[in-house]
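Architecture and fold: a report
Okay, here's what each chain looks like letter by letter:
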Amino acid sequence: MRKLYAFLLTMLLAAGVLAGCGGSAEQPKEEKKAEEGQNAGGEEAAFPVTIKDALDNEITIDSKPERIVSMIPSNTEIAFELGLGEEVVGVSDFDNYPPEATEKEKIGGMEFNVEKIISLNPDLVLAHASSAHNSEAGLQQLRDAGVTVLVVNDAKSFDQVYESIVMVGTAAGEKDKAEQLVSDMKSKLEEIKTKAQGIKEEDRKSVFVEVSPAPDIYTAGTETFMDEMLSAINAENIITEEGWPKMDPEAIIERNPDVIITTHGYYTEDAVGNVMGRDGWQDITAVKNKQVADVDSDMVTRSGPRIIEGVEELAKAVYPDVFK
């Protein structure tokens with residue numbers, strides 16, 4: 001059950017998607033209000049601001065939010081990276097990064113607690129398109145209670161992650177900081193791509209990514225973050241099926257990957273040993289050459305600021321001699 005539950009969370013919350021109430025107690029409220037119209041650079045932030053969210057709703061935010069509730073780990077990571085940790089007063093049960101997020105009030109998991117959220121008196125709730133349709137009734141309850149709800153897009157690519165970051169930054173009065181963060185992420189990704197372009201065609205690796213172990217082996221196919229990451233580091237995904245297909249072990253043996261990457265080490269004991277010891281897998285190139293590695297699932301599946309770090313970790317696992 002633990003394996004199934006963890007896999008479902010990964011698939012449904014991007015997951016990796018899936019990981020104190022109160023505003024600042026140290027800063028007088030009137031002093032904070034005097035600053036709420038300014039961004040980190042001391043310039044006037046643009047409020048009120050109107051944003052079209054992932055559901056095409058036009059959301060108007062009158063002033064810089066002082067109390068934010070985040071309903072999914074990726075939104076939380078974005079908020080903290082933008083320096084909004086103090087404003088965040090509630091997070092989902094799955095939030096595990098940064099460590100400070102684990103100390104915030106919990107508002108539930110895939111089924112959130114409407115009453116709990118309302119009790120935190122938020123100015124802004126950061127919802128997510130991956131679950132918005134299944135939780136529309138609860139979101140409407142929040143709107144009816146006078147809470148501003150912004151549904152952030154369910155990012156499936158690097159560009160869409162950048163859009164999510166700018167959307168959250170704009171809503172929270174930190175647009176300049178969000179745009180700078182995106183610029184830094186793009187620069188880092190280009191550095192990785194440039195380095196990967198130096199890999200000769202004969203040295204290019206084929207890769208199998210295992211997101212759920214035997215006996216029910218699931219993998220990352222096309223139209224996933226992992227596939228885009230493999231392309232970025234000049235590696236070949238042996239899976240040509242779209243999405244998250246279940247794979248027959250014999251098909252993996254036949255496709256014979258040079259490298260095997262697992263992302264289930266956070267709940268599987270010795271994920272690498274699990275793969276290396278499988279019957280019939282001894283002749284797979286990756287197993288013979290001991291090119292099997294586990295990477296942090298959150299980094300490579302969670303659509304937040306750490307996604308580029310995830311690319312780098314994947315690059316180190318696939319091309320250890322190139323990305324030291």
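Residues numbered from 1 in each chain as written. Predicted model: local features only at pLDDT ≥ 70, side-chain atom pairs only at ≥ 80, totals over all residues. Heavy atoms only, no water.

1. Section: the overall build of the protein
Within the protein, the secondary structure is distributed over 14 helices and 12 strands. Counting only carbon and sulfur atoms, one obtains 44% of the accessible surface of the protein, whose full area is about 14900 Å². (Helix = DSSP H or I, 4+ residues; strand = E, 2+ residues; numbered from the N terminus. Areas by Shrake-Rupley, 256 points an atom, 1.4 Å probe, with all protein chains shown as cover.)

2. Section: the confidence of the model for the protein
Predicted confidence across the protein gives a mean pLDDT of 88, with 86% of residues reaching 70 or more. Note on residues 12-37: pLDDT under 50 across the span, and 67 contacts to partners over four residues away in sequence or across chains. For the stretch residues 39-43, pLDDT sits under 50, and the model shows 9 contacts to residues farther than four places along the chain or on other chains. (pLDDT = per-residue confidence, 0-100. Contact = heavy atoms within 4.5 Å.)

3. What to know about the packing of aromatic side chains
The tally for this structure, following the rule as stated, stands at 2 aromatic pairs. Taken together, a centroid distance of 6.3 Å and an interplanar angle of 45 degrees make the contact between Phe158 and Phe225 tilted. With Phe158 in helix 7 (residues 158-171) and Phe225 in helix 9 (residues 225-232), the pair connects residues that are 67 residues apart, well separated along the chain. Its relative accessible area of 3% is what places Phe158 among the buried residues. An angle of 75 degrees between the planes, with centres 5.0 Å apart, marks the rings of Tyr266 and Tyr267 as edge-to-face. On the basis of relative accessibility, which here comes to 11%, the residue Tyr267 falls in the buried class. (Phe/Tyr/Trp six-rings, centres within 6.5 Å; stacked < 30°, edge-to-face > 60°. Buried < 20%, exposed > 50% of the residue type's maximum accessible area, 1.4 Å probe, protein only.)

4. Let's talk about the UniProt feature "coiled-coil region" (unreviewed entry) in the protein
Taking the UniProt record as the reference, the feature "coiled-coil region" (unreviewed entry) is found at residues 175-202. Taken end to end, residues 175-202 comprises 82% helix and 0% strand; its first and last C-alpha atoms sit 44 Å apart. (UniProt positions renumbered as here; feature names shortened; annotations may be inferred.)

5. Considering the nonpolar core
If you look at the biggest cluster of nonpolar residues, it comprises 59 residues, and the most contacted ones within it are Phe158, Ile233, Ile261 and Val318. Leave out the neighbours within four places in its chain, and Ile261 touches Val207, Phe208, Val209, Glu210, Ala293, Val295, Leu314, Ala317 and Val318. (Core = buried A, V, L, I, M, F, W, Y, C linked by side-chain atoms within 4.5 Å.)

6. Some remarks on helix 7
End to end, helix 7 covers 20 Å across 14 residues, agreeing with the expected 20 Å (1.5 Å per residue, within 8%). Among the 14 residues in helix 7, 10 count as buried, and that is most of the element. Every buried residue belonging to helix 7 is among Phe158, Val161, Tyr162, Ser164, Ile165, Met167, Val168, Gly169, Thr170 and Ala171, and all of these are buried. (Expected span 1.5 Å × (residues − 1).)

7. Concerning a negative patch on the surface
Residues Glu201, Glu202, Asp203 and Glu236 make up a contiguous surface patch of negative charge. Inspection of the secondary structure puts Glu202 in the loop between helix 8 (175-197) and strand 8 (206-212). (Patch = residues over 30% accessible without salt bridge, like charges linked within 9 Å, V, L, I, M, F, W, Y side chains within 5 Å. Salt bridge = Lys/Arg side-chain N within 4 Å of Asp/Glu carboxyl O. Lys, Arg positive; Asp, Glu negative; His and termini not counted. Charge placed at Lys NZ, Arg CZ, Asp CG, Glu CD.)

8. Observations regarding the pairing of strand 1 (residues 49-52)
Alternating positions in strand 1 separate cleanly, Val49 and Ile51 being buried on one face and Thr50 and Lys52 remaining unburied on the opposite face. Both strand 1 and strand 2 (residues 58-61) contribute to a ladder of 4 bridges, which runs antiparallel. Within strand 2, the position partnered with Ile51 by the bridge is Ile59. Between strand 1 and the antiparallel strand that follows it, strand 2, lie 5 residues; Asp56 among them carries a positive phi value of about 65 degrees. (Pairing = 2+ DSSP bridges.)

9. Describing the packing of helix 7 against helix 14 (residues 307-318)
Viewed as axis vectors pointing N to C, helix 7 and helix 14 meet at an angle of 150 degrees, and their least axial separation amounts to 11 Å. On the basis of their axis angle, the class for helix 7 and helix 14 is roughly antiparallel. Within the contact between the two elements, helix 7 uses Phe158, Val161 and Tyr162 and helix 14 uses Ile307, Ile308 and Val311. For the contact of helix 7 with helix 14, the class distribution of residues is 6 nonpolar, no polar and no charged. (Axes fitted to C-alpha atoms, helices over the stretch in contact; angles between N-to-C directions. Parallel < 35°, antiparallel > 145°, perpendicular 65-115°, else oblique. Nonpolar A, V, L, I, M, F, W, Y, C, P; charged D, E, K, R; others polar.)

10. Digging into helix 9
Burial analysis of helix 9 places 6 of its 8 residues in the buried class, the great majority of the element. Among the residues of helix 9, Phe225, Met226, Asp227, Met229, Leu230 and Ala232 are the ones counted as buried. In this fold, the buried residues of helix 9 make contact with helix 7, helix 8, strand 8, strand 10 (236-237), helix 13 (297-301) and helix 14. Of the residues one or two after helix 9, Asn234 is the one with positive phi, at around 65 degrees.

11. Section: unusual backbone geometry
That bond from Tyr97 to Pro98 is cis: its omega, -5 degrees, falls within 30 degrees of zero. Within the secondary structure, Pro98 is located in the loop between strand 4 (88-91) and strand 5 (105-106). The step from Ala214 to Pro215 runs through a cis peptide bond, and the omega angle for that step is 10 degrees. Mapped onto the elements of the fold, Pro215 is located in the loop between strand 8 and strand 9 (218-219). Positive phi is not limited to glycine here, since Asn234 has a value of about 65 degrees. Tracing the backbone shows Asn234 in the loop between helix 9 and strand 10. Of note in the backbone geometry, Asn256 takes a positive phi value of approximately 50 degrees without being a glycine. Looking at the secondary structure, you find Asn256 in the loop between helix 10 (249-255) and strand 11 (259-262).

12. Some thoughts on the sheet that holds strand 7 (residues 148-152)
Pairing is parallel in the open sheet, where 5 strands are placed in the order 5-4-3-6-7. Only two strands of the sheet have a single partner each, and these edge strands are strand 5 and strand 7. The pairing of strand 4 with strand 5 spans 2 bridges and is parallel. In the sheet register, Gly90 faces strand 5, and the bridge partner there is Glu105. Sheet strands in contact with helix 6 (residues 136-144) are strand 6 (124-128) and strand 7, and its direction is about 145 degrees off that of strand 7. Lying on the sheet, helix 7 is in contact with strand 6 and strand 7; it crosses strand 7 at an angle near 165 degrees.

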